[in-house]
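# Reading the structure
Letter by letter, the chains look like this.
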Amino acid sequence: MQPAELSATEIVAAVRQGDLTAVRCTEAFLDRIARLDGSINAFLHVDREAALATAARIDERRRAGKPIGPLAGLPVAVKDALCTADQPTTCASKMLAGFRPPYDADTVARLRAADAVIVGKTNMDEFAMGGSNENSAFGPVHNPWDLARAPGGSSGGSAACVAADMAPVAIGSDTGGSIRQPAGLCGITGLKPTYGRVSRRGLVAFASSLDQIGPMARSAADCALVLETIAGHDPGDSTSLAADVPHYTELLDQPLAGLRIGRVPEHYAAGLDPEVRAGVDEAFAVFRTAGATIVDVELPHAKYGVPTYYLVAPCEASSNLARYDGAHYGVRAEPGKGVRAEPGKGVRAEPGKGVRAEPGKGVRADEFASPLVEMYCRSRGEGFGPEVKRRIMLGTYALSAGYYDAYYAKALKVRRLIRQDYLEAFERVDLIGGPVSATPAFRLGEKTGDPLAMYLVDLYTVATNLAGVGGISFPCGFTKGGLPIGFQLQGPALAEPTLLRAADRFQRLTDWHTRRPKACA
Ligand code: GLN
C-alpha cells in the first residue's frame, strides 16, 4: 500500500486499524517532498525530524492502546501565513524572515490536538497578496501539471503540494480566492468556509473582514474530514462563529435530488476560455444527472466585485501591515549597511511640510527626518516586495482624508449590494455554480508586468469573500493541453454541509479528481 495513493480518509482509517504506521506514512510523503520539491518549490520549510518524532509518538500511543485523535497520523502541510510555534512563519516575505511565532494558530493547535502531523510550511504570495505565487520573496511555485505555469495563488504552495502528492492535505487561506483559485488551477479540491467558521487567530492578517482559513485536499470528502477538526468557535477570535460544528463527513451520503443550483449569466463574461466554458457546462450536466435542478439566477453587482475588493482589501491591508515597522514587528534595517543618517545631522521635517524626495533623486540619507524615520523607511522599503508596497499605497491613498468617502466608503456600500445579491439569489437556489477562473493555469511571467491583468484573475472568486459566504472549488475536466479546469460552487452562510455533499456527489460520479500529473509519478 503506497500512502501517497491513499485518500486522507483512508490514511486515518489505516493508521487507526494498525494497517499503516504514522511513521511510515509520514516518511512516504517526506520522501516525495525530498524527491519532487526541488522542481516545484511548494515548501518554504520542511521539518522532517519533528514530523517523524510526532508520528512516532502517535504510533506508540496507538500500540499502547491509548486514545488517538481523529486525524492521527495524517500528514498536513500548512500555508506559511499560519503561525507555528515550532517552525518559522514568514508569509513568504523578507519582512518576517527568521520569525518564529510564540504560539500556534488556532487551526494548527486543533490539527495537533487531533494528532495530525505537520510536515512543513508552504510557499505563497507575499502576505497572501497575489494570484500566481510569483509574489513570494522565496521564488515562485511551479504548477505540477506544467512546470512552466503558475499554480495560482496565493495558496499556490498548498495547492501544488497536494496536486503532486507531497501531502494528502494542506491548509490554505482565502481572502479573495486564494484557496479556490489555486485548487482550480492545480486540479484539487479547496473549500473556503463561511467567514468566521474557522478561527483566524494566528493567521497573519491581510484583510481581516475577508480572510478565512480552509482545507485543500484531493477530494471533497477529505476536505470534510479536515474541516471537522479545524472549524469551531475560538474565544481568541471575536469574529469566529459560535455555531455548532456539524459532522461534515457523515452528511455526505444524502442524495442531491431536489437541490437547486443557480447558474449566473454574469459568469459567462467575455474572456471566459471556451474550454473552461465547456468543462463548466458539462459539470452542470453531471449535477442534473445527480438529480439537481439548474436555475438561472442573477448577481447584478458581481461585475463590481474586483474593483470593490481591490479597495476594501488594500485598505485593510494598509492598516494591518502598519505594524511591520522594524520596531514592533518585522526585520529592522541594520545601521551601517547602505545609506545611514547621521544622528543630529539629517534634515528635520517642518511641521506640515515633511521631507520631500526630488524626482529622479530619491530620498538621500541625510534627508530623513530622523534616524527613527530612516529606520522605518528602510525597514519597510527593504522588507516588503513590490506588490505588497503597491497594496499599502493603494489602501493608504483610499483611506486618506478627502478620498475616504469617494473610495473606501463607496466600496463598502457596493460590498453591501453584492452581499444583498447573494441573499436574494439564495432565496431561489441552494447553491450557485460556475467557473473558478476564466482561464486554465497561465504561464509564469505572463501577467507579472501587468497588475491589472493579475487582479482580473479574481473575477469569479472575490464576491464570495465580500459577501462573507462559502465556496468550494474542484476539478471538472481538463483542457486538450492537459491542464485542469475548476468548477466552483458557492453557498449561503454555514452551508458547508451542502457544498461538501454536492462536490462529493460530483466526485462519486466523475474521476477528474483522481487524475495525477505525470511529471510527479
Ligand atoms: N488574488 C487575490 C489578491 O491578490 C486574492 C488573494 C487571497 O485570497 N489571499 O488579493
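For every chain, the first residue of the written sequence is number 1, and numbering continues from 1 onward in sequence order. Reporting in this predicted model follows two pLDDT cut-offs: at least 70 for local features of residues, and 80 or more for side-chain atom pairs to be given and counted; totals over whole chains, interfaces and linings ignore these cut-offs and use all residues. Values shown for side chains rest on all heavy atoms present in the structure; no hydrogens or waters enter the calculation.

Quick look at the site of the ligand now. Near residues are defined by distance, with any heavy atom within 4 Å of the molecule or strand qualifying the residue. Around the ligand, 15 residues are found, and the nearest of them are T175, G176, S178, Y309 and R391. Side-chain atoms alone can form a polar contact between residues adjacent in sequence; in general such a contact is a pair of N or O atoms within 3.5 Å, and within protein one must be able to donate a hydrogen while the other accepts it. Within the side chain of Y310, one N or O atom sits 3.2 Å away from an oxygen atom of the ligand. Surface burial for the ligand is 99%, taken as the share of its 290 Å² of free accessible area covered by protein chains. In this count, Pro and Cys sit with the nonpolar residues alongside Ala, Val, Leu, Ile, Met, Phe, Trp and Tyr, while Asp, Glu, Lys and Arg are called charged and the others, Gly among them, polar. Residues belonging to the shell around the ligand are distributed by class as follows: five nonpolar, seven polar and three charged. Here the Shrake-Rupley method, with its probe set to 1.4 Å, supplies the accessible areas, and only the displayed protein chains count as covering residues.

Turning our eyes to something else, we now look at helix α4 (residues 106–113). For every residue, the accessible area obtained with a 1.4 Å probe (protein chains only) is divided by the maximum for its type, and the residue is called buried under 20%, exposed over 50%, and partly exposed between those limits. A run of DSSP states H or I qualifies as a helix once it reaches four residues; a run of E qualifies as a strand once it reaches two. Both are numbered from the N-terminal end. Residues of α4 that are buried: D106, T107, V108 and L111. Only heavy atoms enter the contact rule, under which two residues are in contact if any of them lie within 4.5 Å. Where α4 is buried, its residues contact β2 (75–79), β3 (117–122), β4 (169–174), β6 (212–217) and α7 (220–230). Once α4 finishes, D115 follows within two positions and takes phi at roughly 70°, a positive value.

We now examine helix α3 (residues 48–63). Multiplying 1.5 Å by the residue count of a helix minus one yields the expected span of that helix. End to end, α3 covers 22 Å across 16 residues, agreeing with the expected 22 Å (1.5 Å per residue, within 8%). Restricting attention to buried positions, one finds in α3 the residues A51, L52, A55, I58 and D59. Along the long axis of α3, the arc covered by the buried residues comes to 120°, so they all point the same way. Set apart from the buried face of α3 by more than 90 degrees, the exposed residues are E49 and E60. Looking at the buried positions of α3, the neighbouring elements they touch are α2 (22–40) and β3. Looking one or two residues past α3, G65 carries a phi angle of roughly 80°, positive in sign. Think of the arc as the fan of directions from the helix axis to the C-beta atoms.

By the secondary structure assignment, G445 is in the loop between β9 (431–435) and α13 (451–456). Under the relative-accessibility criterion, G445 is labelled partly exposed at 42%. Sequence-wise, G445 and F99 are 346 residues apart; in three dimensions their C-alpha atoms are separated by 29 Å.

Each salt bridge in this description consists of a side-chain nitrogen of Lys or Arg and a carboxyl oxygen of Asp or Glu lying within 4 Å of one another. This structure, assessed with the given rule, holds 23 salt bridges. Across the pair D115 and R61 runs a salt bridge, and its minimum N-O distance is 2.4 Å. Residue D115 is found in the loop between α4 and β3, and its partner R61 is found in helix α3; the two are separated by 54 residues along the sequence. For D115, a relative accessible area of 10% puts it in the buried group. Put simply, R508 and D253 hold a salt bridge, and the shortest N to O gap is 2.8 Å.

Okay, the packing of helix α1 (residues 8–17) against α7 next. Axis lines are fitted through C-alpha atoms, for helices just across the contact stretch, and the angle between N-to-C directions can take any value from 0 to 180 degrees. As a packed pair, α1 and α7 sit with axes 8 Å apart at the nearest point and diverge in direction by 60°. With respect to α7, the axis of α1 lies oblique. Counted together, A8, T9 and V12 of α1 and A221, D222 and L225 of α7 form the full contact between these two elements. Classifying every residue of the contact of α1 with α7 by side-chain character gives four nonpolar, one polar and one charged. Reported orientations rely on four angle classes, namely roughly parallel under 35 degrees, roughly antiparallel over 145, roughly perpendicular from 65 to 115, and oblique for the rest.

Turning next to the environment of V388. Along the chain, the position of V388 falls in helix α11 (residues 386–399). Taking the C-alpha atoms as reference, V388 lies 9.1 Å from G130; in sequence the two are 258 residues apart. Discounting chain neighbours no more than four positions away, the residues touching V388 are E126, F127, M129 and L321.

Within the chain, residue pLDDT values average 93, and 94% of them lie at 70 or more. The score called pLDDT rates the predictor's confidence residue by residue, from a low of 0 to a high of 100. Contacts for the low-pLDDT stretch residues 338–361, under 50 throughout, to residues beyond four places or in other chains number 25 contacts.

Let us now look at the packing of aromatic side chains. Working definition: a ring pair exists when centres of Phe, Tyr or Trp rings (six-membered ring for Trp) sit within 6.5 Å. Plane angles under 30 degrees give stacked, over 60 give edge-to-face, the rest tilted. Counting across every chain of the model gives 19 aromatic pairs. Consider the rings of F284 and F487, whose centres lie 5.3 Å apart with planes at 85°: the pair is edge-to-face. With F284 in helix α8 (residues 274–289) and F487 in strand β11 (residues 484–491), the pair connects residues that are 203 residues apart, well separated along the chain. Both residues of the pair, F284 and F487, belong to the buried class. Taken together, a centroid distance of 6.2 Å and an interplanar angle of 35° make the contact between Y403 and Y407 tilted.

Our next topic: the nonpolar core. In these notes, a set of buried Ala, Val, Leu, Ile, Met, Phe, Trp, Tyr and Cys residues joined through side-chain atoms within 4.5 Å is what counts as a nonpolar core. One finds L111, F127, F287 and L489 to be the most contacted residues of the largest nonpolar core, which totals 109 residues. Top element by residues in this core is α7. It accounts for eight residues. Setting aside residues no more than four positions away along its own chain, L111 makes contact with L71, V76, V78, A116, I118, I171, V226, T229 and I230.

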